[in-house]
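# Secondary and tertiary structure notes
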Amino acid sequence: MHTSEGDSAARALLAATPLIDGHNDLPWALRELFGADPTAAATGRDLTLDQPDLHTDLAKLARGQVGGQFWSVYVPCSLTGHSAVTAVLEQIELVHELIARHPDRLALATTADQVEQVFASGRTASLLGAEGGHCIAESLGALRALHRLGVRYLTLTHNDSLSWADSATDEPRAGGLSEFGERVVAEMNRLGMLVDLSHVADTTMRAALEVTTAPVVFSHSSCRAVTDHPRNVPDDVLELIPGNGGVLMVTFVPRFVSGAIAEWDAELAAAMAAAGAKHADLADRRRFLASWSGRHRQPRATIEDVLAHLDHAREVVGVDHLGIGGDYDGCAELPVGLRDVGSYPALFDGLLARGWSAEDCAKVAGRNVLRVLRSAEAVADPRC
């Protein structure tokens, strides 16, 4: 399927338009390898070389022609309160250290214009996205500080519900968004920080779309109508996105894009619950899988599964509201054909082969996200 001619067309497309990926967990992968100290994590590997056990390094970014990357400054739900705030600050500092150590390959970007300027210089524009609203410890002051440090989206929840926002993978606590949750969204609008609705419950999606004055993003989610998983977005919510102006950034996580793997994941969740383990806790899940997966082998997803989600999303929301959020280094395996960040030309080769125009592919690659960034900047308080 992926001919040399097609690959050439995809590479030409990505040379002209910045591919902006919505979510990459390299910072947490480095923390898990080398500890919480940002300097130790930033220097633990020579990222100019291929790192076989990571989905992301500078060599792979170059092969994948990644023009802009939202680096996830993720905090697990096991950390709460001041510990969560400390962890997100450490992760932000780690990204800043990576940028400072590789100025010929990376540059910080906090605006759409800066993304384009960095891309034109031949480097990868580095944006920051905070994953999990628990990292602000219910403090709007902490939220403002994250923005000042360069964070340009906040995922309202991770896998656990908060007192002010409900997660897709936990019992509800807020009934969607609480009054404080609405204040968080309003403050993000004032700051020009994107509201990220990946991970949140359907009720939270709808509540946020009702109160936001700026376009939202789903930084790494796919379509529930194609794969029935709670982390995906139902069609009735997708239909609201064009009116808001936001973007669904289709992800590659196997259990979100493959029906067979979603069923396998549901069996895993049931087995963990029976054993008193928590499926939503990623560390708990990893420990449980060490013994369970040998008897229950996970099926494999493919690039075709991801392309099917993009096709469906285009039908429901239109091509002006699509992007890409791979979630590299945030899951153990990726679909066949999309094994690491160097695989992006193959994805766009696949879209072109399915009849998508070069113009539509350019919108999905980065133009739509740049529009959303500019829209958020336009409604922000100019003093921020």
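All residue numbers refer to position in the chain's written sequence, counted from 1. Two thresholds apply to this predicted model, a pLDDT of at least 70 for residue-level local features and 80 or more for giving and counting side-chain atom pairs, whereas whole-chain, interface and lining totals are computed over all residues. Hydrogen atoms and water are omitted, and side-chain values are computed over all heavy atoms in the structure.

### A few points about the overall build of the protein chain
In plain terms, the rule: Put simply, DSSP marks the helices as runs of H or I at least four residues long and the strands as runs of E at least two long, and each gets a number from the N terminus on. Here the radius of gyration uses the C-alpha set of atoms, whereas the globule reference equals 2.2 Å times the residue count to the power 0.38. Each residue is placed in one exposure class: buried if its accessible area under a 1.4 Å probe, protein chains only, is under 20% of its type's maximum, exposed if it is over 50%, and partly exposed if it falls in between. Between two residues, a contact is recorded if the distance between any of their heavy atoms is within 4.5 Å. Areas reported as accessible are Shrake-Rupley estimates using a 1.4 Å probe. Residue values count occlusion only from the protein chains shown.
Scanning the protein chain from N- to C-terminus turns up 17 helices and nine strands. In summary, the protein chain has a C-alpha radius of gyration of 19 Å against a globular reference of 21 Å for 384 residues, a match within 12%. A principal-axis box enclosing the C-alpha atoms of the protein chain has dimensions of 55 × 50 × 45 Å. When burial is assessed residue by residue, the protein chain has 60% of its 384 residues classed as buried. Across the protein chain, every contact between residues at least 6 apart in sequence was considered, and the portion connecting residues at least 24 apart equals 71%. Carbon and sulfur atoms make up 51% of the accessible area of the protein chain, which totals about 14300 Å².

### Considerations on the packing of helix 2 (residues 26–34) against helix 5 (residues 81–101)
For clarity, the threshold we go by: Axis definition: a line fit to C-alpha positions, over the contact stretch in the case of helices; interaxial angles, taken between N-to-C directions, run 0 to 180 degrees. Here roughly perpendicular refers to angles of 65 to 115 degrees, roughly parallel to angles under 35, roughly antiparallel to angles over 145, and oblique to all remaining angles. Residue polarity follows a fixed list, in which Ala, Val, Leu, Ile, Met, Phe, Trp, Tyr, Cys and Pro are nonpolar, Asp, Glu, Lys and Arg are charged, and the others, Gly among them, are polar.
At a closest axis distance of 10 Å, the pairing of helix 2 and helix 5 adopts a crossing angle of 105 degrees. Relative to helix 5, the element helix 2 lies roughly perpendicular. Facing Pro 27, Trp 28, Leu 30 and Arg 31 of helix 2, the residues of helix 5 in contact are Ala 87, Glu 90, Gln 91, Leu 94, Val 95 and Leu 98. Within the contact of helix 2 with helix 5, the residues separate by chemical class into seven nonpolar, one polar and two charged.

### As for the pairing of strand 8 (residues 247–250)
Taken residue by residue, a regular strand's side chains alternate between the two faces of the sheet. Applied cut-off: A strand pair is defined by DSSP finding two or more bridges across the two strands.
Residues Val 247 and Met 249 of strand 8 are buried on one face, and the alternating residues Leu 248 and Val 250, pointing to the opposite face, are buried as well. The sheet contact formed by strand 7 (residues 217–218) and strand 8 spans two bridges and is parallel. Note that in strand 8 the partner of Val 217 across the bridge is Val 247.

### What to know about helix 7 (residues 140–148)
The following threshold applies: What the arc covers is the set of directions going from the helix axis to the C-beta atoms. Within 3.5 Å is the distance limit for a polar contact, defined as a pair of N or O atoms, with the added protein rule that one can donate a hydrogen and the other accept it, and that residues adjacent in sequence qualify only through two side-chain atoms.
Every buried residue of helix 7 is accounted for by Leu 140, Ala 142, Leu 143, Leu 146 and His 147. One side of helix 7 carries all its buried residues, which in axial view fall inside an arc of 155 degrees. On its buried face, helix 7 sits against helix 5, strand 4 (124–131), strand 5 (151–155) and helix 8 (179–191). Of the residues flanking the start of helix 7, the one acting as N-cap is Ser 139, its side-chain oxygen 3.3 Å from the backbone nitrogen of Gly 141. Taken from the residues just after helix 7, Gly 150 is the one with a positive phi, measuring 110 degrees.

### Notes on the environment of Leu 347
Its location among the elements puts Leu 347 in helix 16 (residues 344–353). Note on Leu 347: relative accessible area 0%, which makes it buried. In the structure, Leu 347 is positioned 63 residues away from Asp 284 in sequence and 32 Å away in space, judged by C-alpha atoms. Leaving out residues up to four positions away in the same chain, Leu 347 has contacts with Phe 252, Ile 303, Val 306, Leu 307, Leu 310, Ile 324 and Leu 338.

### Quick notes on helix 8
Think of an α-helix as turning once every 3.6 residues; residues three or four places apart then point the same way. Rules: Multiplying one less than the number of residues by 1.5 Å gives the expected span of a helix.
For helix 8, built from 13 residues, the straight-helix expectation of 18 Å at 1.5 Å per residue is met to within 8% by its first-to-last C-alpha distance of 19 Å. The complete set of buried residues in helix 8 reads Phe 180, Gly 181, Val 184, Val 185, Glu 187, Met 188, Asn 189 and Leu 191. Residues of helix 8 that are buried sit in contact with helix 7, strand 5, strand 6 (194–196), helix 9 (202–211) and helix 17 (358–379). Backbone nitrogen of Phe 180 and a side-chain oxygen of the N-cap are separated by 3.2 Å at the start of helix 8; the cap is Ser 178. The positive-phi residue at the C-terminal boundary of helix 8 is Gly 192, with phi of around 85 degrees.

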